Structures are given as C-alpha cells and as structure tokens.
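The residues making up each chain are set out below.
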Amino acid sequence: MTNTTPASTPARAALLGLAAGAGAALVAEGLGWLVSTGLVATQSDDVVGANIGAGMAGMTVALLVAPALALLLLRLARTPRPLAAVLYSLPLYLLLTMVGTSAAIPLETWLWDRFPGLAAATSPWLPWHLITVLTLAASLALTSLLTSRSRGAGAPDRV
C-alpha cells in the first residue's frame, strides 16, 4: 500500500475524469493526425481514395488510443475504480462522438465566420477535434463521478 491518498470525493473524481479525458483525447487526436498525415505523405497521387483511407485510419487510432490513455491517466491520478469509469464511458463516448459530428458542421460555420484566419492558421478539422475532446472529457467526467459515488461505504479504495 502506498502513502498517497486516492481521489475520494465525487467532485474531485469528476474533475480528474474531465482532465484525464481532455488530456487523453488531445494526445490521441495528435497521434491520429500523425498517422493520417504519414499515410497521405507516403501514398502516391495515383491511388484513388487514399485521403479517405488515411483519414479513417487516423480516426480509428484516435478512437482506440483515447480510452487507453484515459485509463492510464485515471490510474496515475488514483481515482476510484478507473477501469469501471473508462468502460462505462465508452458507449457514452461513442454515442456523443457520433452525435457531435453532426454538430461539428454548424460549429465549423460559426468558428470560421467568427475567426476567418483560424482555419488557415490551424487545421480545417479543428471543430471535429474539439468535439472529440469535449465528448471524451464529458463522458469520462460523468462516469468518474458516478463510479466514485457508487462505491459502498465499507468498500476499500482500489487503485
């Protein structure tokens, strides 16, 4: 047993879940972007649909890596029941991501109208990355809150 104390209050667990979700999603989106950019750079221009495949590979990497990184971050932060929080957040994360992609088009229109130079300075995919970060952070914060509250009074703290 270590001398550090886990995040015992539900509010602290929710905040740690929010931070872990946002951090994991940012790193996962960066890895997905690297995979997508690397695939586009190595493919020839003669391949029809190469950009689509590279985008799908990048999205798949981000969707698979984000929950694993979130689990690692929650374990490092010593939140109660990190595996349960991540597993419970997966369906909500996938559902919110699918719904969020529908909301990304109005967000994109609003963002580019309000800040016209932002698309050229960053990436035209910025709204979709923001939606993914927000959905993982929100779903992980909610499930971290629920799993920390569902612990029994006599249940030992698990890492």
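Heads up: the structure comes first, above all this text.
None of the values given here were measured: they were computed from a predicted structure.

A.B. asks: An account of the packing of helix α1 (residues 10–42) against helix α5 (residues 126–149) is requested, with residue identities and associated values reported.
C.D. replies: Where α1 contacts α5, the two axes come as close as 7 Å, and the packing angle between them is 150 degrees. The angle between α1 and α5 falls in the class roughly antiparallel. The handedness of the crossing between α1 and α5 is right-handed. Residue composition of the contact of α1 with α5, grouped by class: 17 nonpolar, six polar and two charged.

A.B. asks: Could you give me a rundown of the packing of aromatic side chains, with the residues and numbers involved?
C.D. replies: Under the defined criterion, the tally for this structure stands at one aromatic pair. An angle of 90 degrees between the planes, with centres 6.5 Å apart, marks the rings of tryptophan 110 and phenylalanine 115 as edge-to-face. Given the relative accessible area of 41%, phenylalanine 115 is considered partly exposed.

Basis of the calculations
Residues numbered from 1 in each chain as written. Predicted model: local features only at pLDDT ≥ 70, side-chain atom pairs only at ≥ 80, totals over all residues. Heavy atoms only, no water. Axes fitted to C-alpha atoms, helices over the stretch in contact; angles between N-to-C directions. Helix = DSSP H or I, 4+ residues; strand = E, 2+ residues; numbered from the N terminus. Parallel < 35°, antiparallel > 145°, perpendicular 65-115°, else oblique. Left-handed = near helix turned anticlockwise from the far one by under 90°. Nonpolar A, V, L, I, M, F, W, Y, C, P; charged D, E, K, R; others polar. Phe/Tyr/Trp six-rings, centres within 6.5 Å; stacked < 30°, edge-to-face > 60°. Buried < 20%, exposed > 50% of the residue type's maximum accessible area, 1.4 Å probe, protein only.

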